[in-house]
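# A closer look at the structure
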Amino acid sequence: MSPYDKIDIESQLTGYSSAGCITYVELDGGVKNNLEALEQIVNYAIDKDIPYFALNVPNDTCLECGYCDEFNDHCPMCDSEHIQQLRRVTGYLTGDYKTAFNKGKQAETEDRYKHSKKLQGWK
Ligand SMILES: [Zn+2]
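Fair warning: this is a prediction, and the values are worked out from it, not measured in the lab.

Pairing of strand 1 (residues 23–26) with strand 2 (residues 53–56) involves four bridges; the strand directions are parallel. Bridge pairing in strand 2 links E26 to N56. This β-α-β element, strand 1 to helix 2 (residues 35–47) to strand 2, shows right-handed connectivity.

The protein atoms that coordinate the zinc ion are C62 (SG), C65 (SG), C75 (SG) and C78 (SG), at distances spanning 2.3 Å. Given four donor atoms and angles of 101 to 117° at the metal, the environment of the zinc ion is assigned as tetrahedral. Mapped onto the sequence, the donors of the zinc ion take the spacing C-x2-C-x9-C-x2-C. Using a relative accessible area of 43% as the deciding quantity, one classes C65 as partly exposed.

As for its placement among the helices and strands, I83 is situated in strand 5 (residues 83–86). Owing to a relative accessible area of 9%, I83 belongs among the buried residues under this scheme. Sequence spacing of I83 and D96 is 13 residues, and the spatial spacing of their C-alpha atoms is 8.5 Å. Non-local contacts of I83, meaning those with residues more than four positions away in its chain, are made with D60, T61, C62, L63, F71, N72, D73, H74, C75 and D96.

Next up on the list: the nonpolar core. Grouped together as the largest cluster of nonpolar side chains are 10 residues: Y4, I7, V25, L27, V31, L38, I41, A45, I50 and F53. Element by element, the count of residues in this core is highest for helix 2, at three residues.

Relative to each other, helix 1 (residues 3–11) and helix 2 sit at 15°, their axes nearing to 10 Å. For the element pair helix 1 / helix 2, the angle class is roughly parallel. Note on packing geometry: the crossing formed by helix 1 with helix 2 is right-handed. Across the interface between the two elements, P3, Y4, I7 and D8 of helix 1 pack against Q40, I41, Y44 and A45 of helix 2. Among the residues forming the contact of helix 1 with helix 2, the class breakdown is six nonpolar, one polar and one charged.

Cut-offs applied
- Residues numbered from 1 in each chain as written.
- Predicted model: local features only at pLDDT ≥ 70, side-chain atom pairs only at ≥ 80, totals over all residues.
- Heavy atoms only, no water.
- Pairing = 2+ DSSP bridges.
- Helix = DSSP H or I, 4+ residues; strand = E, 2+ residues; numbered from the N terminus.
- Right-handed = clockwise from strand over helix to strand, strands pointing away.
- Donors = N, O, S within 2.8 Å, 3.2 Å for Na, K, Ca; no water.
- Tetrahedral: all angles 85-135°; square planar, octahedral: opposite > 155°, others 65-115°.
- Buried < 20%, exposed > 50% of the residue type's maximum accessible area, 1.4 Å probe, protein only.
- Contact = heavy atoms within 4.5 Å.
- Core = buried A, V, L, I, M, F, W, Y, C linked by side-chain atoms within 4.5 Å.
- Axes fitted to C-alpha atoms, helices over the stretch in contact; angles between N-to-C directions.
- Parallel < 35°, antiparallel > 145°, perpendicular 65-115°, else oblique.
- Left-handed = near helix turned anticlockwise from the far one by under 90°.
- Nonpolar A, V, L, I, M, F, W, Y, C, P; charged D, E, K, R; others polar.

Right, here's the structure in full:
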């Protein structure tokens, strides 16, 4: 589903939680080049009275040359495999999810659906 569909559904449920709630939208790394779309999604969540909202964006950093983007296995600039992969796993941001979490949580992260795949009008 799109980020907007997810927000529409979850905005109907936030009032039922007396212990708090959070709405996450999972985006791909390309979003860093489209700040207008990011703002549009945040404003949509605000308009729907989402009390606690977060965007998950993968962020890989090459520990050899410092290049930063989503590239997973090896750096496209220097071909190093010494990569720090920042991801949100079960609500927590990690320094490197491949070393900080067990195989099950790593699989969860890799299987996570990117809501940006369903965006219409994505620039
Ligand atoms: Zn590099």
